[in-house]
Amino acid sequence: MGTDTPAEIDEAVLAFCATIAPGMPEYVDVVPGEGAGIAYCFDNAAAQVARAGGSIAYGWAIWRWPGRYFEAEHHGIWRSPERKLLDVTPMLYGQTRILFLSDPQAVFDPGRYRPNLLGAEAGSAVAAEYVELARARAAILNGYGEPGVEHPITPADQARLGAIEPRWMALYAELERG
């Protein structure tokens, strides 16, 4: 299963969003733009602005794995000249709407990677430990630049990852089992 667009904007969603940016999250339809690529939201939104005017709205796509954890992903969508929000980036798993938390302070800077932000659902000790280890793992890996780009990891950091990853993966497997 994994994370997906939250089914509703409940108190837990609002509490998680409040840890990221002020304001209310809102559902935004996903209608991929011409030639838009998965995971290229900032480029896709900029291309839509060039085609149709408007501007890029910066913020966070909010995902939820019910009963487990929340995840906020730095994201950009298109704001039409009429100020309507539309996500012009196709989603990896075919979502037709996302939950978007506007954050004007989260402007895209290609020189600054913004990692995903995690928060455990209340009442799940397994999720809380998973999120804690995921944050520790990300703190190490984010020091090496953009994820997916090859960078030599120091032996000290490799040892730190080696101490984290077995438990982190075991917790994920436990979360999958429910």
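Procedures and definitions
Residues numbered from 1 in each chain as written. Predicted model: local features only at pLDDT ≥ 70, side-chain atom pairs only at ≥ 80, totals over all residues. Heavy atoms only, no water. Helix = DSSP H or I, 4+ residues; strand = E, 2+ residues; numbered from the N terminus. Contact = heavy atoms within 4.5 Å. Expected span 1.5 Å × (residues − 1). Bend = angle between axes of the 7 residues up to and from the residue. Buried < 20%, exposed > 50% of the residue type's maximum accessible area, 1.4 Å probe, protein only. Pairing = 2+ DSSP bridges. Salt bridge = Lys/Arg side-chain N within 4 Å of Asp/Glu carboxyl O. Axes fitted to C-alpha atoms, helices over the stretch in contact; angles between N-to-C directions. Parallel < 35°, antiparallel > 145°, perpendicular 65-115°, else oblique. Left-handed = near helix turned anticlockwise from the far one by under 90°. Nonpolar A, V, L, I, M, F, W, Y, C, P; charged D, E, K, R; others polar.

1. Some words on the environment of Gln48
Piece 1. Here Gln48 is to be found in helix α2 (residues 41-52).
Piece 2. Measuring from C-alpha to C-alpha, the distance between Gln48 and Ile77 comes to 9.3 Å, with 29 residues separating the pair along the chain.
Piece 3. When neighbours within four sequence positions are excluded, Gln48 is seen to be in contact with Gly33, Gly53, Trp78 and Val88.

2. Notes on helix α4 (residues 155-177)
Piece 1. The terminal C-alpha atoms of α4, which comprises 23 residues, lie 33 Å apart, in line with the 33 Å expected from a rise of 1.5 Å per residue.
Piece 2. Ile164 marks the point of greatest bend in α4, at about 30 degrees, and the proline Pro166 comes within the next four residues.
Piece 3. Of all the residues in α4, the buried ones are Asp157, Leu161, Ile164, Trp168, Leu171 and Leu175.
Piece 4. Where α4 terminates, the next one or two residues include Gly178, which has phi positive at roughly 85 degrees.

3. Focus on the pairing of strand β3 (residues 69-79)
For a regular strand, the rule is simple: side chains alternate between the two faces of the sheet.
Piece 1. Counting buried positions along β3 yields ten of eleven residues, so the element is predominantly enclosed.
Piece 2. Here eleven bridges tie strand β2 (residues 55-65) to β3, and the two strands are oriented antiparallel to one another. In the sheet register, Ala61 faces β3, and the bridge partner there is Glu73.
Piece 3. Connecting the antiparallel pair β2 and β3 is a turn made up of three residues, with Gly67 showing a positive phi of about 80 degrees.
Piece 4. Judged from the two bridges that link them, β3 and strand β4 (residues 85-86) form a sheet pairing that is antiparallel. The residue bridging Trp78 from the neighbouring strand is Leu86, located in β4.
Piece 5. Counted along the chain from β3 to the antiparallel partner β4, the turn is five residues long, and its residue Arg83 has a positive phi close to 75 degrees.

4. Some words on the pattern of salt bridges
Piece 1. Overall, the coordinates contain five salt bridges when judged by the stated rule.
Piece 2. Measuring nitrogen to oxygen at the nearest pair gives 2.6 Å for the salt bridge that ties Glu121 to Arg64. Here the residue Glu121 occupies a position in the loop between β6 (117-120) and α3 (125-141), and Arg64 occupies one in strand β2, the gap between them amounting to 57 residues.
Piece 3. The residue Glu165 makes a salt bridge to Arg137 at a minimum N-O spacing of 2.7 Å. Here Glu165, found in helix α4, pairs with Arg137, found in helix α3; they are 28 residues apart in sequence, far enough to count as distant.
Piece 4. For Glu165, a relative accessible area of 21% translates into the label partly exposed.

5. Thoughts on the packing of α3 against α4
Piece 1. Where α3 contacts α4, the two axes come as close as 9 Å, and the packing angle between them is 150 degrees. Compared by their axis directions, α3 and α4 come out roughly antiparallel. Our pair here, α3 against α4, has a crossing hand that is left-handed. Note on element contacts: α4 touches α3 through Asp157, Arg160, Leu161, Ile164, Glu165, Arg167, Trp168, Leu171, Tyr172, Glu174 and Leu175, opposite Val126, Ala127, Glu129, Tyr130, Leu133, Ala134, Ala136, Arg137, Ile140 and Leu141.
Piece 2. Considering only residue class, the contact of α3 with α4 consists of 14 nonpolar, no polar and seven charged.

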